Amino acid sequence: MSGAGAMVGRLPRVSVSSSVLRTEGLYKRYWRKTALEPLNFSLEVGEFVGLLGVNGSGKSTLMKMAAGLVRPSGGHLEVLGLPPGPHSKLEVAFLPELDHLYPRWTAREAFAFFDRFFTMNRARFFGLLEFLRLEETARFGTLSKGNRTRLRLALTLAREARLYLLDEPLSGIDPLTREQILMTLMREFRATDMTMMLATHQVAEAETLFDRVLVLDEGRVLLEGTADEIRARRGSSIDRAVKEAARERRALEEPV
Ligand SMILES: Nc1ncnc2c1ncn2[C@@H]1O[C@H](COP(=O)(O)OP(=O)(O)OP(=O)(O)O)[C@@H](O)[C@H]1O
């Protein structure tokens, strides 16, 4: 990949001793709907964790709580040792699912806007544009869906942050390109101390990509562990293990 060194640039500040994200009994209800059941989970410095699950399993809810955008209903949540707040807004780079960029902005202008609020890594951003084959001068509103997704990803990863939360960062990109982008980016970024959680429906990506996965199903933890642990425990690929575990849970819950 071209510009790989420049892409990574300065390493984010890290505190080696404590978890970047820690939850204890964290849960979320929207009126009567439970989006996330009490969750005990932690994310350590330098880890790259896959947050997996089908639509509505609670992935975005967990990410939004960690990003300080949704208030938990109860339990304990710590980001970099403190409840989410102004400190974590600066230290957490969150890529939401929805397009949030002004359509008339070029990549350059979007970068300048972000640069007013966050610590941005210019060399990394332009390295990412090159790698993702994005033009600096094209307006966001004129880009294809896949290219808009790429630009949003580049802006998020160009932030100097201690935690990156990427919610379906490659939706709308064809599977082959998606795999290439993810594999290359992760190879680059995992050589640093960047800590990431990436939400995806694409369970098969967990086979090779992540240090560890957390699989949610209807707001509950279905599986958790490294790919090797899950394969050893269940004797099958993660993709199959997730399907089997979901089937088993449904069978247990069916009234007799
Ligand atoms: N603002 C809200 N008000 C009411 N219910 C909500 C709200 N946000 C999410 N939910 C519900 O909470 C549950 C979990 O939703 P969430 O968006 O976290 O799932 P998800 O795994 O991210 O889904 P997807 O993959 O489709 O993005 C769903 O049943 C959803 O309908």
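Residues numbered from 1 in each chain as written. Predicted model: local features only at pLDDT ≥ 70, side-chain atom pairs only at ≥ 80, totals over all residues. Heavy atoms only, no water.

### Notes on the sheet that holds strand S4 (residues 74-79)
Okay, so step 1: Taking strand neighbours across the sheet as the criterion, the 3 strands line up as S2-S1-S4 in an open arrangement whose pairing is antiparallel. Looking at strand neighbours, the two that pair on one side only are strand S2 (33-43) and S4, the edges of this open sheet. On average, each strand axis in the sheet is tilted by 25° relative to the strand beside it, whichever way the strands run.
Okay, so step 2: Examined bridge by bridge, strand S1 (residues 21-30) and S2 share 7 bridges and lie antiparallel to one another. Bridge assignment links Leu26 to a residue of S2, and that residue is Leu39.
Okay, so step 3: Its contacts with the sheet put helix H2 (residues 59-66) on S1, S2 and S4, and the angle it makes with S1 is roughly 120°. (Pairing = 2+ DSSP bridges. Helix = DSSP H or I, 4+ residues; strand = E, 2+ residues; numbered from the N terminus. Axes fitted to C-alpha atoms, helices over the stretch in contact; angles between N-to-C directions. Contact = heavy atoms within 4.5 Å.)

### Quick look at the environment of Arg139
Okay, so step 1: By the element assignment, Arg139 lies in the loop between helix H5 (122-131) and helix H6 (145-157).
Okay, so step 2: Using a relative accessible area of 31% as the deciding quantity, one classes Arg139 as partly exposed.
Okay, so step 3: In the structure, Arg139 is positioned 31 residues away from Arg108 in sequence and 9.4 Å away in space, judged by C-alpha atoms.
Okay, so step 4: Setting aside chain neighbours within four positions, we find Arg139 in contact with Pro103, Arg104, Trp105, Thr106 and Glu109. (Buried < 20%, exposed > 50% of the residue type's maximum accessible area, 1.4 Å probe, protein only.)

### A few points about the packing of aromatic side chains
For any two aromatic rings, the description comes down to two numbers: the centre-to-centre distance and the angle of the planes.
Okay, so step 1: Considering all chains together, one arrives at 8 aromatic pairs under this definition.
Okay, so step 2: Between Tyr102 and Trp105 the ring centres are 5.8 Å apart and the planes differ by 80°, which places this aromatic pair in the edge-to-face class.
Okay, so step 3: The exposure class of Tyr102 is partly exposed, given its relative accessible area of 45%.
Okay, so step 4: When the centroid spacing of 6.0 Å and the interplanar angle of 55° are considered together, the rings of Phe114 and Phe118 count as tilted.
Okay, so step 5: By relative accessible area, Phe114 is classed as buried at 11%.
Okay, so step 6: On the basis of relative accessible area, Phe118 is assigned to the partly exposed category, the value being 25%.
Okay, so step 7: Through successive ring pairs, a cluster of aromatic residues spans Tyr102, Trp105, Phe113 and Phe117.
Okay, so step 8: Between Lys28 and the ring centre of Tyr30, over which it is positioned, the NZ or CZ distance is 5.0 Å.
Okay, so step 9: Here Arg159 stacks its cationic end above the ring of Phe118, 3.5 Å away from the centre of that ring. (Phe/Tyr/Trp six-rings, centres within 6.5 Å; stacked < 30°, edge-to-face > 60°. Lys NZ or Arg CZ within 6 Å of the ring centre and 35° of its normal.)

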